[in-house]
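Coordinate inspection notes
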Amino acid sequence: MSDDSKPKPDKYTVLLYSDDLAVRDKIRLAIGVRPAADLTVEFVDASTWEECRRLLDDYEIDLMVLDGEATPAGGLGIARQTKDEYADPPPTCVVLARAADRWLAAYAQVDHTLFYPLDPVTTGQSVAGMLRARRNGQVPLGTLGTLG
């Protein structure tokens, strides 16, 4: 007997940004392709701000997960610039090395922060929560959105 009656999980596109491929791989592993039973994730990678911009322009990005320690463009700067330059930016999550940098994340209008080393359970739950909020129409920080 087939399980065709089960609903298929929603599929989302997550942009991973870091100048370091190993860091992007660690973030990808911590999130996983199925962070929750009701959703799956497809990843697109960027190693520069220019690549982030191209992906934002060319694809429907549902969530940006940014490396706060990347150089020369850090994840916090990219988060703030995305909020400033795009009318409908995706929600952003920045991975930081120090909890003391949360105030910078607030200034950059980051929607969520995670900390190194990444815990796969916490990371998956956080990403799933952000994607569900997007699915349910929650407007990310720093956007005008619609009042209703």
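Residues numbered from 1 in each chain as written. Predicted model: local features only at pLDDT ≥ 70, side-chain atom pairs only at ≥ 80, totals over all residues. Heavy atoms only, no water.

We now examine the sheet that holds strand β1 (residues 10-17). Reading across the sheet, the five strands line up as β2-β1-β3-β4-β5 and stay open at both edges, with parallel pairing between neighbours. The sheet is open, and its two edges are formed by β2 (39-46) and β5 (112-115), each paired on a single side. Between one strand axis and the next, the sheet turns through 25° on average, direction left out of account. When β1 meets strand β3 (residues 63-67), the two strands line up parallel, connected through four bridges. The residue bridging V14 from the neighbouring strand is L63, located in β3. (Pairing = 2+ DSSP bridges. Helix = DSSP H or I, 4+ residues; strand = E, 2+ residues; numbered from the N terminus. Axes fitted to C-alpha atoms, helices over the stretch in contact; angles between N-to-C directions.)

We now examine the environment of A133. The residue A133 is located in helix α5 (residues 120-135) in this model. As a C-alpha pair, A133 and A79 span 54 residues in sequence and 18 Å in three-dimensional space.

In this structure the tally under the stated criterion is 12 salt bridges. In this structure, the salt-bridge partner of R132 is D38, at a minimum N-O distance of 2.8 Å. Here D38 lies in the loop between α1 (21-31) and β2 and R132 lies in helix α5, a separation of 94 residues in the sequence. Residue classification places D38 among the partly exposed residues on the basis of a relative accessible area of 26%. Of the charged contacts in the structure, one is a salt bridge between D111 and K83, with a shortest N-O distance of 2.9 Å. Taken as a pair, D111 in the loop between α4 (102-107) and β5 and K83 in helix α3 (residues 75-85) lie far apart in primary sequence, 28 residues in all. Ionic contacts of the salt-bridge type, sharing partners, join the residues D10, D38, R132 and R135 into one network. (Salt bridge = Lys/Arg side-chain N within 4 Å of Asp/Glu carboxyl O. Buried < 20%, exposed > 50% of the residue type's maximum accessible area, 1.4 Å probe, protein only.)

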